[in-house]
Amino acid sequence: MGTWRASVAWVGVLAGLMLLLLAEVHGRSHNPLVREVFSTKWKKIAETRTLHPANLTALEILEEMEEEHFSIRVVINKRHMTIYRDDQVVYEKIGVYNGYYITHTGMHVVVLHPSRGHVMLARQFLTHEPSEDRNLVACLDSVMPGNILIVVAVPDAVMFLGPIAVARLEEMGASRIRYLARHETWVMVAHTPTRPYRPPRFYPVLKPNVTKPAVPLGRVWGESLTLRRLIVNGTTSPVDMATYVPKFEAAKCAWHQEAAMLDQRKFCDSYDGYIRLCRCRDPVTSSLRYSAPKIEMREVIPVAMLTAIKPFNFYRQLLNLLETPGAAQTPILVLIDGPQKEIIRLAKLFGLDVLIHRPQGEKGSTTLLNMHFRFSVHNVFNFFPGVDKAIILEDDLLLSPDFLSYFQQTAWLLDADPTISHVNAFSTNSYPDVAYDPAVLRRIEMFPQFGWMVKRNWAQDIFQFWVSENETADWDWWLSGARQRQGRDALLPEVSRTFHAGAAGAHVTGWAQEHLFNNMIFNQDPHVRLKGLNDLTKDRYEKKIRRDIERAVPLSLTKSPCDGPILPANHPGPFKIFVEARTNNDEYDSFFVMQTCLHGYIQDTREMFRGTLRYNLKGRFLYVVGCPMSPFCESKIWVNLLRPSVELVNMASDQVYPWQIQNYPPYYLERFPAVFPEEEFHMQNLLYVYHNGTRVFNKKIASVN
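Residues numbered from 1 in each chain as written. Predicted model: local features only at pLDDT ≥ 70, side-chain atom pairs only at ≥ 80, totals over all residues. Heavy atoms only, no water.

1. Things to note about the pattern of salt bridges
Next, step 1: All told, the structure shown has 29 salt bridges when counted by the stated rule.
Next, step 2: With its nearest N and O atoms 2.7 Å apart, the salt bridge here joins Asp240 to Arg73. Of this pair, Asp240 sits in strand E9 (residues 239-246) while Arg73 sits in strand E1 (residues 69-76); the two residues are 167 residues apart in sequence, bridging distant segments of the chain.
Next, step 3: On the basis of relative accessible area, Asp240 is assigned to the partly exposed category, the value being 48%.
Next, step 4: When its relative accessible area of 35% is taken as the criterion, Arg73 is described as partly exposed.
Next, step 5: Put simply, Asp269 and Arg116 hold a salt bridge, and the shortest N to O gap is 2.7 Å. With Asp269 in helix H7 (residues 262-270) and Arg116 in the loop between strand E4 (106-112) and strand E5 (119-125), this pair connects stretches of sequence that are 153 residues apart.
Next, step 6: Take Arg116: its relative accessible area is 46%, and that puts it in the partly exposed class.
Next, step 7: Within this structure, Asp417, Arg443, Glu445, Asp489, Glu542 and Arg610 form a network of salt bridges that share partners. (Salt bridge = Lys/Arg side-chain N within 4 Å of Asp/Glu carboxyl O. Helix = DSSP H or I, 4+ residues; strand = E, 2+ residues; numbered from the N terminus. Buried < 20%, exposed > 50% of the residue type's maximum accessible area, 1.4 Å probe, protein only.)

2. Thoughts on the confidence of the model for the chain
Next, step 1: Averaged over all residues, the pLDDT of the chain equals 85, while 86% of them reach at least 70.
Next, step 2: In this model, residues 1-31 is a region of pLDDT below 50 whose contacts with residues beyond four sequence positions or in other chains number 27 contacts.
Next, step 3: Low confidence marks residues 700-705, where pLDDT is under 50. Its contacts with residues over four positions away, or in another chain, come to seven contacts. (pLDDT = per-residue confidence, 0-100. Contact = heavy atoms within 4.5 Å.)

3. Quick word on empty space enclosed by the protein
Next, step 1: Per the counting criterion, the structure on display carries five cavities of 30 Å³ or more.
Next, step 2: One number sums up the size of the largest cavity: a volume of about 70 Å³.
Next, step 3: Forming the walls of the largest cavity are Arg442, Arg443, Ile444, Tyr541, Ile545, Glu607, Met608, Phe609, Thr612, Leu613, Arg614 and Tyr623.
Next, step 4: Of all the elements in the fold, those that place two or more residues in the lining of the largest cavity are strand E16 (441-444), helix H17 (538-551) and strand E22 (612-617).
Next, step 5: Split by residue class, the lining of the largest cavity holds seven nonpolar, one polar and four charged. (1 Å grid on protein atoms, 1.4 Å probe; cavity = no way out; pocket = protein on both sides within 12 Å on 5 of 7 lines; lining within 4 Å. Points joined across faces, edges and corners; volume = space filled by probe spheres on them. Nonpolar A, V, L, I, M, F, W, Y, C, P; charged D, E, K, R; others polar.)

4. A short note on unusual backbone geometry
Keep in mind that most residues, glycine aside, have a negative phi and that most peptide bonds are trans.
Next, step 1: The omega torsion across Pro155 and Asp156 is 5°, close enough to zero to call that bond cis.
Next, step 2: Counting through the fold element by element, Asp156 comes out in the loop between strand E6 (148-154) and helix H6 (163-172).
Next, step 3: A cis geometry characterises the amide bond from Cys627 onward to Pro628, with omega recorded as 10°.
Next, step 4: Topologically, Pro628 is positioned in strand E23 (residues 620-628).
Next, step 5: In this structure, Asp86 is a non-glycine residue whose phi angle is positive, near 55°.
Next, step 6: Of note in this structure, Met683 is not a glycine but carries a positive phi near 60°.
Next, step 7: Secondary-structure assignment places Met683 in the loop between helix H20 (677-681) and strand E25 (686-690).
Next, step 8: When its relative accessible area of 3% is taken as the criterion, Met683 is described as buried.

Structure (structure tokens):
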């Protein structure tokens, strides 16, 4: 009997299921048979999605959506940040602590093709350090309209996310980025909008405190974030956001129909971040290669452009170089560390020759860079067998408009004086307070750095002394050794012809970029005629410096050099001050105090000439002479010799920081426990932490505990 009743019950259940599957009911099932035949337990199950009837219309809609849309999913947690397109990984960064930060920290910008979905651009910006926000702004300004934009903030991405970067993200459609605090996570998926073209500005400008949100122009398909509710260590919860993005045709331009522009059209359909090259109206073309104004050319000096894994840096510098007067008359060779297809295709668009170096060394090691420089310095002369000199150029530099003219005017000095090893385009003391005249050069004891010219015989000689693969030293510091220098000096301009515009690079962090390089100046006059070149040969320069120091007005400091102007008013100079120093190591911090108080380069004394630093203070020269190390010391000066006290060194150290951070964003945000629910809902429970130590919560100023 029990078996028979069980069989009847199962028949009833199966019959009810068949009725459900055959029913043409939309949404949840409300078939009356369900209520009559099923028990209460089965009725509840039937009302859930477990026992929905087959809805062919819904299935067809889903299939159409899959054909007409991309499924985008973004997963962010402490271990990784991953972007999926239609369940396939298209971008991933693993989070590993590298001794300084978690490797997936910062802002990630990924652009997908609007109809095919392949990755057109993928960049990470370490905005937990200063300076990188400028590169983020330049990247957002360089994307084409109509592409799929995915932006992800992984803690602590907003630490140095400046107001201009926030405004650009709001233009793209971000609604909550202005209120995102430290340790919090955010993601947005949108289509890039059509905007007026902005010429990119890579070198520093004072950052305004933008308080009014920008007008959103982009079409947002998904935005998600997680907040911290308690003040505890660690970051917020993970984010897992999924959305559908409709497929669109890529931008169509009139020039796409031109047969001569086929390669450029294919390049622009493959990559993003090249708006000057890919825009519909007046794009840059291959004709730029030979369009620069001509200059007086004394000899052929090719430029070797060294690059590796950063196509954007190469593109930025390539346009800069091609627009520099003299570029149309100058051979250019691109040397890539590894077969980077994007850079190769870009170089070929402008008809440039390319050499590819097989990378030597582990990723991130000094060996990788050391060997690429050795390969490049050696092979630029092999590629151009008829030239005697070459210019070596790293890809993270901006160039002055007289960059090529500067080298043409100084090239003869390498022939005239064998004690000159190279000519630098960069000066580490090219700061507005200590550098003044772009027509003046100096002779110093320094290695090549940030754009330099050498002769063929120097490249051949130095090849055997180059740092080996087994050494961990950097190639430039290695070249400063006595065996490599062989008593030779370098020439460099008082005002630089290059500007270091990299951050988060192989050697320069965002901190170093902001504190050391972003306050520097570089020449903007394309017509500078250099002066005093005949006095730069060894004997004449030494005599000139000695003569200037002998007739200079001695200074005896009665107060800290950081307290104000140290030069007497209404006196043309030159001036001199003697400080105690026995070697270039600056044992007593004597040079450090002077460099710091005058707002010069503070890391070391690399720009010395025979124990002496020379500064140009608004047209008046000051010589800082280290004694007893310098041959320019005088026996009678010992009573006025400056040897700074510990207090003076500490005072100088304290005063340099406000000068270094003058271009920081005004503040960063911390999340504070909300008092009212609406405060948390609107994300306004924020603590504004200013870099001068002030904290502001809800517009009420509170001092630091």
